[in-house]
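Each chain, letter by letter, is given below.
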Amino acid sequence: MNATWIISICAICLGGLFALYVYAWSIPTLQWFAPAILRGPADGNRIALTFDDGPCPGNLERILDILRQYDVKATFFVCGQNVERSPAILRRVQAEGHTIGNHSFSHLFPFFRSRSFFAREIDLTQEAIERVTGRRPRFFRPPYGARWLGLQPVLSARRLSLVNWSDTGYDWKLGAEGIVRETLKALGPGSIILLHDGRSVNPSERVDRSPTVKALPAILEGAAKAGFTFVTLDELLS
Ligand SMILES: [Zn+2]
């Protein structure tokens, strides 16, 4: 085997390792590089519903109406840009006793970003939420649940906890029946469920979360029947 072959094989191996490294940061449940809370304590049968990517008028009112009807409190991870666009609906979220979390300002992938990028995305959103609600969130969820070097120190300096999820209804790709099935499939004490009320910070993109809205009553009823009580992340992780 000549030197060119050896160099080529080494380059392929290194490229593969680097691709694996980047991929690892995209796994929401991975604990190797930075801690992520995936579920709450197992004592009691408490679980938490979380909705990402809003506040998204239209979808969000429908979700809030259903939660009110079932007397259930949830947590909403909102994007700063959407908060600036739709502050009134966020006031309703707060007034109805739900918890509000930070889901970045622009909802961009975190790969190869700098520490100052993370700080700006997080601070702009904390400020936008505080301007509307008077309070700064204590929970952060990164877009896509993905992380990168430099994010954790920014969160630690702000005493923000990174919360991903243990369960999801895959509501970005499934219809209502599938969302209910997947959400309820593996629920356990302390489960944190990911669903969405929005999708993007792009105002020209139409966001229809009808499948999620349609699935919600069956999720609430199915979990209650299995003996679970819904609480906010504030309560679950206090
Ligand atoms: Zn998101």
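What comes next concerns the included structure. All values reported here derive from a predicted model rather than from experimental measurement.

Calculation rules
Residues numbered from 1 in each chain as written. Predicted model: local features only at pLDDT ≥ 70, side-chain atom pairs only at ≥ 80, totals over all residues. Heavy atoms only, no water. Donors = N, O, S within 2.8 Å, 3.2 Å for Na, K, Ca; no water. Buried < 20%, exposed > 50% of the residue type's maximum accessible area, 1.4 Å probe, protein only. Helix = DSSP H or I, 4+ residues; strand = E, 2+ residues; numbered from the N terminus. Lys, Arg positive; Asp, Glu negative; His and termini not counted. Salt bridge = Lys/Arg side-chain N within 4 Å of Asp/Glu carboxyl O. Polar contact = N/O pair within 3.5 Å; in protein donor to acceptor, adjacent residues only side chain to side chain. Pairing = 2+ DSSP bridges.

The coordination sphere of the zinc ion contains the protein donors D53 (OD), H103 (NE2) and H107 (NE2), at a distance range of 2.0 to 2.1 Å. Counting residues between consecutive donors of the zinc ion along the chain gives the motif D-x49-H-x3-H. Like H107, H103 is buried.

On to unusual backbone geometry, then. With an omega of 0 degrees, the peptide bond between G54 and P55 qualifies as cis. Structurally, the position occupied by P55 is in the loop between β1 (46–54) and α2 (59–69). The phi dihedral of S104 is positive, around 80 degrees, even though this residue is not glycine. Its relative accessible area of 3% is what places S104 among the buried residues. Here F112, not a glycine, exhibits a phi torsion of approximately 60 degrees, which is positive. Along the chain, the position of F112 falls in the loop between β3 (99–102) and α5 (115–133).

Residue placement: R147 occurs in the loop between β4 (139–140) and α6 (151–157). D52 provides the closest opposite charge to the buried, salt-bridge-free R147, at an N-O distance of 12 Å. Here the side chain of R147 touches P28 through a polar contact of 3.4 Å, landing on its backbone oxygen. Reaching out from R147, the side chain makes a polar contact with the backbone oxygen of L30 at a distance of 2.7 Å.

With that settled, the discussion passes to the pairing of β1. Among the nine residues in β1, eight count as buried, and that is most of the element. Taken together, the two bridges between β1 and strand β8 (residues 229–230) define a ladder with parallel strand orientation. Within the sheet, the bridge partner assigned to R46 lies in β8 and is T229. When β1 meets strand β7 (residues 192–196), the two strands line up parallel, connected through five bridges. Bridge pairing links D52 to H196 in β7.

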